[in-house]
Amino acid sequence: MTDQTRMSDQTLSEFTAQLASAQPAPGGGGAAALTGALAASLAAMAANVTAANPRYAERADALTALAAACDAQRTALLALIDADAAGFLPLQRAYAIPKTDPDRAARLAAAARTACQAPLAMLEHCAQAALLLPAALETASPLLRSDIGCAAALCHAAAEAAAMNVLVNTGLLAPDDRAETEARAEHLRATVAQSCAQTVDAVRAALRGEG
């Protein structure tokens, strides 16, 4: 991560070039956060475009509120790109501690706990975003159904990636801490997966004229 520019303020070309570089961060966590932000952005777009259409004037207030809620998730997930990279730095330093150091295991565990925080937060925000998608599907213009389906697919992918970025570090935690962290991550991942799958299925059915 550069000191001059937040990753969330970079262009997509700059961020993806940094992601592809030899630097260890940003990595999967940053990519997960960006993917979640894209999902929230699509849902907000569907609400905003519909709200601007006079045909849906009676839904304008609900759509505006929905767009604002989606945008809040977009903003939070973008911030987690930098938070994830920052959370990796203590772990990187802890791995460099000589294996003969008696405090190494404890310091690795503390650093791993820190590294888990951003992807866990991503899962929380993906879960919140996933809960907004059925309302978007119900209230947005039918012409925007495919965008909401894309949002659901991206939200699911973001949650799966974020969960992996939790699990990659839990082996360093104390047994009780590991069990609790993994259970929390799995619950959130499964919640997002189920919710997003339902939205994707509903969109596919609607696009095929089955619903």
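Fair warning: this is a prediction, and the values are worked out from it, not measured in the lab.

**Q** Please provide a residue-by-residue account of the overall build of the protein, values included.
**A** Each helix and strand counted, the protein has six helices and zero strands in total. In the protein, the succession of helices and strands from N to C terminus is α-α-α-α-α-α. Along the first, second and third principal axes, the C-alpha set of the protein runs to 70 × 40 × 30 Å. In the protein, which comprises 211 residues, the proportion classed as buried is 43%. Partitioning the contacts of the protein with sequence separation of at least 6, the portion at a separation of at least 24 is 75%. Here the protein displays about 10600 Å² of accessible surface, and carbon together with sulfur accounts for 57% of that area.

**Q** Give me the lowdown on the pattern of salt bridges, citing residues and values where you can.
**A** All chains considered together, the criterion is met by eight salt bridges. A salt bridge links E58 to R59; the shortest N-O distance between them is 3.7 Å. Between E186 and R189 there is a salt bridge; the shortest N-O distance is 2.8 Å. Placement of the pair is E186 and R189 together in helix α6 (residues 175-207), with a separation of three residues, close to one helical turn. Judged by relative accessible area, which is 40%, E186 ranks as partly exposed. One salt-bridge network, held together by shared partners, links E160, E186 and R189.

**Q** Before we move on, can you summarise the environment of G209 with the specific residues and values?
**A** Assignment of secondary structure puts G209 in the segment after α6. Each C-alpha atom of the pair G209 and A140 lies 17 Å from the other, and the pair is 69 residues apart in sequence.

**Q** For α6, give the residues involved together with the corresponding values.
**A** Along its 33 residues, α6 runs 47 Å from first to last C-alpha, staying within 8% of the 48 Å computed at 1.5 Å per residue. One or two steps after α6, the chain reaches G209, where phi turns positive at roughly 75°.

**Q** I'd like a rundown of the confidence of the model for the protein, residues and numbers included.
**A** Overall, the predicted model of the protein reaches an average pLDDT of 94, with 97% of residues at or above 70. Within the protein, helix α5 (residues 145-170) carries the highest mean pLDDT (98), whereas helix α1 (residues 12-19) carries the lowest (91).

**Q** Outline the nonpolar core, supporting the account with residue identities and numerical values.
**A** Formed by 49 residues in total, the largest nonpolar core has its most connected members in M122, L123, C155 and V192. Counting residues per element, the ones that place at least two in this core are α2 (28-51), α3 (60-95), α4 (104-139), α5 and α6. Here this core takes twelve residues from α4, the largest share from any one element. What V192 contacts, discounting residues up to four positions off in sequence, is L123, C126, A127, A130, C155, H156 and A159. Ranked by size, the runner-up nonpolar core spans eight residues in total, among them I97, A111, A112 and A115.

**Q** Before we move on, could you go through the side chain of T50 and cite the residues and values that matter?
**A** In this fold, T50 is placed in helix α2. Among the polar contacts listed, one links the side chain of T50 to the backbone nitrogen of S141, at a separation of 2.9 Å. Beyond its immediate sequence surroundings of up to four residues, T50 is in contact with Y56, L63, T139, A140, S141 and L144.

**Q** Go over unusual backbone geometry with me, naming the residues and quoting the values.
**A** Omega for the bond connecting A25 with P26 falls within 30 degrees of zero, at 5°, which places this linkage in the cis form. Mapped onto the secondary structure, P26 falls in the loop between α1 and α2.

**Q** Please provide a residue-by-residue account of the packing of α2 against α5, values included.
**A** The relative placement of two packed helices is expressed as an angle between their axes plus a distance between the axes. It is the contact of α2 with α5, at a shortest axis distance of 8 Å, that shows an interaxial angle of 160°. Considered as vectors, α2 and α5 are oriented roughly antiparallel to each other. With respect to the hand of their crossing, α2 and α5 are arranged in left-handed fashion. Packed against α2, whose contacting residues are G28, G29, A32, T35, G36, L38, A39, L42, A43, M45 and A46, the element α5 presents D147, I148, C150, A151, L154, C155, A157, A158, A161, A162 and N165 at the interface. Among the residues forming the contact of α2 with α5, the class breakdown is 16 nonpolar, five polar and one charged.

**Q** I'd like a rundown of the environment of A96, residues and numbers included.
**A** Of note, A96 is situated in the loop between α3 and α4. Sequence separation of A96 and L108 is twelve residues, and the distance between their C-alpha atoms is 9.8 Å.

Cut-off values and rules
- Residues numbered from 1 in each chain as written.
- Predicted model: local features only at pLDDT ≥ 70, side-chain atom pairs only at ≥ 80, totals over all residues.
- Heavy atoms only, no water.
- Helix = DSSP H or I, 4+ residues; strand = E, 2+ residues; numbered from the N terminus.
- Buried < 20%, exposed > 50% of the residue type's maximum accessible area, 1.4 Å probe, protein only.
- Contact = heavy atoms within 4.5 Å.
- Areas by Shrake-Rupley, 256 points an atom, 1.4 Å probe, with all protein chains shown as cover.
- Salt bridge = Lys/Arg side-chain N within 4 Å of Asp/Glu carboxyl O.
- Expected span 1.5 Å × (residues − 1).
- pLDDT = per-residue confidence, 0-100.
- Core = buried A, V, L, I, M, F, W, Y, C linked by side-chain atoms within 4.5 Å.
- Polar contact = N/O pair within 3.5 Å; in protein donor to acceptor, adjacent residues only side chain to side chain.
- Axes fitted to C-alpha atoms, helices over the stretch in contact; angles between N-to-C directions.
- Parallel < 35°, antiparallel > 145°, perpendicular 65-115°, else oblique.
- Left-handed = near helix turned anticlockwise from the far one by under 90°.
- Nonpolar A, V, L, I, M, F, W, Y, C, P; charged D, E, K, R; others polar.

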